[in-house]
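Fold and geometry: a report
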Amino acid sequence: KGKISESIPELRKAVEIDPEDEKARVNLGFALDHEGLIDEAIEQYRKAIEIAPEHAPAYDNLAQDLLQRGNLDEAIQAYKAGLGMKPRNARAQTNLATALYQKGMTGEAIEHSRQALEIEPANADAHNTLGLALWKQDQLDQAIEHLQAAVGANANSLHYQNNLARVLAQKG
């Protein structure tokens, strides 16, 4: 934590010297995120996007913070914008799927979970979200398969284990 927090004054100075440097703003946003200063980080990511709308990492980081703040609609919009430029980003595909699932958009959540798994087949979060979305659609066998894969990829996750147990209990 120390080195990142120590970089904040230098990054603020870099942004002050060149306010149009989107990379400095994204780096500052990342450092602010690391320190728990989410609202300030969101502001830096938004400014980076204003400067360079093609800077995909800014959208991903912004979306992650918006998701953390519970702003699903804006997070979904930001993930989609970033993925429009860089679709082979497994983490962004997975996070978008999670946001869509939380919003009740299971069909799209399934689609983006599958895209994440095409890129990163052992992605536990993508398997988990896909399993939950399939469960919502009463596709229990497929849901169990993906929830088992999530547990297999991360056996220490009680969250994944609980999700699998709930679906197995429903199936009987």
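Check the entry above for the structure.
A brief structural summary. (Residues numbered from 1 in each chain as written. Predicted model: local features only at pLDDT ≥ 70, side-chain atom pairs only at ≥ 80, totals over all residues. Heavy atoms only, no water.)

Secondary structure assignment for the protein yields ten helices and zero strands. If you list the helices and strands of the protein from N to C, you get α-α-α-α-α-α-α-α-α-α. The principal-axis extents of the C-alpha atoms in the protein amount to approximately 65 × 30 × 25 Å. Counting the 172 residues in the protein, one finds 47% classified as buried. Taking all contacts inside the protein whose residues are at least 6 apart in sequence as the whole, residues at least 24 apart take part in 46%. Taken as a whole, the protein presents about 9,000 Å² of accessible surface, with 49% of it coming from carbon and sulfur. Here the protein holds 18 positive side-chain charges and 26 negative ones, and the gap between their average locations is 3 Å. (Helix = DSSP H or I, 4+ residues; strand = E, 2+ residues; numbered from the N terminus. Buried < 20%, exposed > 50% of the residue type's maximum accessible area, 1.4 Å probe, protein only. Contact = heavy atoms within 4.5 Å. Areas by Shrake-Rupley, 256 points an atom, 1.4 Å probe, with all protein chains shown as cover. Lys, Arg positive; Asp, Glu negative; His and termini not counted. Charge placed at Lys NZ, Arg CZ, Asp CG, Glu CD.)

Locating Lys86 in the fold gives a position in the loop between helix H5 (72–85) and helix H6 (90–102). On the basis of relative accessible area, Lys86 is assigned to the partly exposed category, the value being 46%. When the C-alpha atoms of Lys86 and Arg166 are compared, they prove to be 35 Å apart, with 80 residues separating the residues in sequence.

Mapping His112 onto the fold places it in helix H7 (residues 106–119). With residues up to four places along the chain from it excluded, the contact list for His112 reads Gln93, Leu96, Ala97 and Leu100.

It is worth spelling out the environment of Leu66 at this point. Locating Leu66 in the fold gives a position in helix H4 (residues 56–68). The class of Leu66 is buried, set by a relative accessible area of 4%. The spacing of Leu66 and Ile144 is 78 residues in sequence and 30 Å in space, taken between C-alpha atoms. The contacts of Leu66, once residues within four sequence positions are left out, are Ile42, Arg46, Asn71, Glu74 and Ala75.

Another aspect to go through is the packing of helix H8 (residues 124–136) against helix H9 (residues 140–153). How two helices pack is summed up by the angle between their axes together with the distance between the axes. The N-to-C vectors of H8 and H9 enclose an angle of 160°; their axes lie 8 Å apart at closest approach. Overall, the two elements H8 and H9 adopt an arrangement that is roughly antiparallel. H8 and H9 meet at a crossing whose hand is left-handed. Residues Ala124, His127, Asn128, Leu130, Gly131, Leu132, Leu134 and Trp135 of H8 lie in contact with H9, whose contacting residues are Leu140, Gln142, Ala143, His146, Leu147, Ala149, Ala150 and Ala153. Residues belonging to the contact of H8 with H9 are distributed by class as follows: eleven nonpolar, five polar and no charged. (Axes fitted to C-alpha atoms, helices over the stretch in contact; angles between N-to-C directions. Parallel < 35°, antiparallel > 145°, perpendicular 65-115°, else oblique. Left-handed = near helix turned anticlockwise from the far one by under 90°. Nonpolar A, V, L, I, M, F, W, Y, C, P; charged D, E, K, R; others polar.)

Counting across every chain of the model gives eight salt bridges. A salt bridge links Asp73 to Lys103; the shortest N-O distance between them is 2.8 Å. One end of the pair, Asp73, is in helix H5; the other, Lys103, is in the loop between H6 and H7, with 30 residues separating them in the sequence. Classification of Lys103 by relative accessible area gives partly exposed; the value is 39%. For Lys80, the salt bridge is made with Glu108, and the minimal N-O distance between the two is 2.9 Å. Highlighted residues: Lys80 in helix H5 and Glu108 in helix H7, separated in sequence by 28 residues. (Salt bridge = Lys/Arg side-chain N within 4 Å of Asp/Glu carboxyl O.)

Keep in mind that these numbers describe shape and distance, not what the molecule does.
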